[in-house]
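Inside the fold
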Amino acid sequence: MPAAAPPAGDTVGGDRLASHGYIRDKSVPEPPHIEASSYVIADLETGRVLAAKNPHGHYRPASTLKTLTAITLIPRLDPKKKVQPSLAAVNASGSAVGLDTKMSYTVDQLFHGLLMQSGNDAAIALAEAGGGMKTTLAAMNAEAKRIRANDTVARTPNGLDDDPPLTLAQQHSSAYDLALIMKQGLTLPDFIKYVKATTYHWPAPPTKEERKKGKKTGGWEIGTHDHLLVGNRYRGMIGGKNGWTSHALGSFVGAARRNGHTIIISLMHAQSDFWPDARALLDWGFAERDKAEPVGTLVDPIPPPAKPTPKAVAHKQAAGGRTTSSGDLDWWKIGLPVGAAVAIIAGLTLGLRRRRRPAAAGPDPYTPSADDAPPHDAGDGAWAAPESPDANPPRTRRTPPGDVKVAGAPLNPGDRPRPDSWSTVPNPTQNGPADEPGTPSGEDTVADAASNGATAEDRAEDTVRDDAEDTVVDGRSHRGPFEPPDGDKPHGDEPARP
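Throughout what follows, the structure given in this document is the object of discussion. Here the structure is a predicted model, which means the values were calculated and not measured. (Residues numbered from 1 in each chain as written. Predicted model: local features only at pLDDT ≥ 70, side-chain atom pairs only at ≥ 80, totals over all residues. Heavy atoms only, no water.)

Thoughts on the environment of Pro-61
On the secondary structure map, Pro-61 appears in the loop between strand E3 (48–53) and helix H1 (66–73). Overall, the relative accessible area of 1% leaves Pro-61 in the buried class. Taking the C-alpha atoms as reference points, Pro-61 and Thr-245, separated by 184 residues in sequence, lie 9.0 Å from one another. Those residues in contact with Pro-61 that lie beyond four places of it in its chain are Gln-171, His-172, Ser-173, Ser-251 and Met-268. (Helix = DSSP H or I, 4+ residues; strand = E, 2+ residues; numbered from the N terminus. Buried < 20%, exposed > 50% of the residue type's maximum accessible area, 1.4 Å probe, protein only. Contact = heavy atoms within 4.5 Å.)

Quick word on helix H4 (residues 120–129)
Since the α-helix advances by 3.6 residues per turn, residues separated by three or four positions end up pointing in the same direction. The buried fraction of H4 amounts to 10 of the 10 residues, a majority that puts the element mostly inside the structure. Listed as buried for H4 are Asn-120, Asp-121, Ala-122, Ala-123, Ile-124, Ala-125, Leu-126, Ala-127, Glu-128 and Ala-129. Contacts made by the buried residues of H4 are with H1, strand E4 (82–83), helix H2 (87–90), helix H3 (107–115) and helix H5 (133–146). Remark: Gly-131 follows H4 within two positions and exhibits a positive phi of approximately 115°.

Quick notes on the pattern of salt bridges
Counted according to the given criterion, the structure contains seven salt bridges. Note that Glu-30 and Arg-24 form a salt bridge whose closest N and O atoms lie 3.4 Å from each other. Asp-108 is the salt-bridge partner of Lys-193, the closest N and O atoms lying 2.9 Å from each other. Of the two residues, Lys-193 sits in helix H7 (residues 189–196) while Asp-108 sits in helix H3, which places them 85 residues apart along the sequence. Its relative accessible area of 38% is what places Lys-193 among the partly exposed residues. The network of salt bridges with shared partners includes Asp-108, Asp-190 and Lys-193. (Salt bridge = Lys/Arg side-chain N within 4 Å of Asp/Glu carboxyl O.)

Details of unusual backbone geometry
With an omega dihedral of 5°, the bond running from Asp-163 to Pro-164 counts as a cis peptide bond. Relative to the helices and strands, Pro-164 is located in the loop between H5 and helix H6 (175–185). In this model, Leu-249 sits at a positive phi of 60°, which is unusual for a non-glycine residue. With respect to the secondary-structure elements, Leu-249 resides in strand E9 (residues 249–258). For His-269, which is not glycine, the phi dihedral falls at a positive 55°. Mapped onto the elements of the fold, His-269 is located in strand E10 (residues 261–270). Relative accessible area serves as the criterion here: at 5%, His-269 is assigned to the buried category.

With respect to H7
Taken together, the buried positions of H7 are Phe-191, Tyr-194 and Val-195. Along the axis of H7, the buried positions cluster into a sector of 90°, meaning they face one direction only. (Arc of directions from axis to C-beta.)

What to know about the packing of aromatic side chains
Taken as a whole and judged by the stated rule, the model has six aromatic pairs. For the ring pair Phe-274 and Trp-275, a centre distance of 4.7 Å and an interplane angle of 40° mean the geometry is tilted. Each of the two residues, Phe-274 as well as Trp-275, counts as buried. Aromatic ring contacts, followed pair by pair, group Phe-252, Phe-274 and Trp-275 into a single cluster. (Phe/Tyr/Trp six-rings, centres within 6.5 Å; stacked < 30°, edge-to-face > 60°.)

See the structure below:
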């Protein structure tokens, strides 16, 4: 069952969004009744949520979680930096773009592989480039907290839920949060570039034939998994990200723009072929965006803390101090310069008297020593005292850092322990116990009975794992041209079953 609704008044986006069922304005035509257990339709420009179904229900995100990886790391990583993937990244299970430990890839290339080809290997390589798995996951959860996506907990950078095995309580998101993540992504030009791309040349080591021709780099074409961008393209489609695992089922978040207005949709826990439903949600959003009363809002991120303003320091009068009105004379101010002048005159007079005295008999008591050598030249005509050798110890010049490198461990494929990079870490912002109010249990979320009419056991039996996405090109075994997805298969973001 979905997670319990948050208490009234605490629901992000508005109290009406706490409902589990369909949420709509009854003065306009009903939004689509689709098989997905949860969805959101929102207007980007106004931030209004136009309709929803169980928007804050917790579900497994599958590869839609890669959008959170993207908005977290795009601002942090230089797109031109080179990254050498580790063995853990190259051997990632499920859908892969085809990394090679002998190659170095730019961050820009890895983001193309992440959001177009849904590369689980690219997600790990980017996490390693972002400071390591633990650091990246902490940053992802902090970013979710910053944009107020409080339903989201990330334990992997790619959304896989069985490598390592993760329960719903350990990694989850919501349709509302996916819409917030897409909203944030649309503020990043590079994010739009990646989700909008339809084909891209992926670099790889050259084949024998390519080496004979003198080529140092080979490669192949990769294509997007977004069916609304290829084939029967949806008019005005900006792009999006889909996901699929046996536990999560189908999920998608995307955006389209028409006549100066942008509609964001998200859906979770759907059937494998959810593309017609995604189209129906977009169509309804464009048709009713200026008629439907909002049922909630897409909230803005938490603003950064304001810089502290310096406090004015009040000058207190010393105890017993004398105050003088503006009309009185401060005689002590006059006495100071007069006293100084008298002291100077007295000093000059005493010096002249001493010059007139004859020198005393005997040797001169002053004997020059090595310490009285003339001071060294300080430059520009000035003289400065010699420096003590211990006064300023020599400094070590630091070499500027080079490109980000993530080296793979030379492990034998047959005797390879599980990489430490996959070890999960507690979420720094949302790690409450699973039995607290509003926290999901460890059981799988199932669709509402009214929408799918099946029990969790029936759905588990009918679910078939598919480890090959429509347009996956496995760089380690196949190197062929990109073929547009046929739309008949779920997109497998998970490892294959034997």
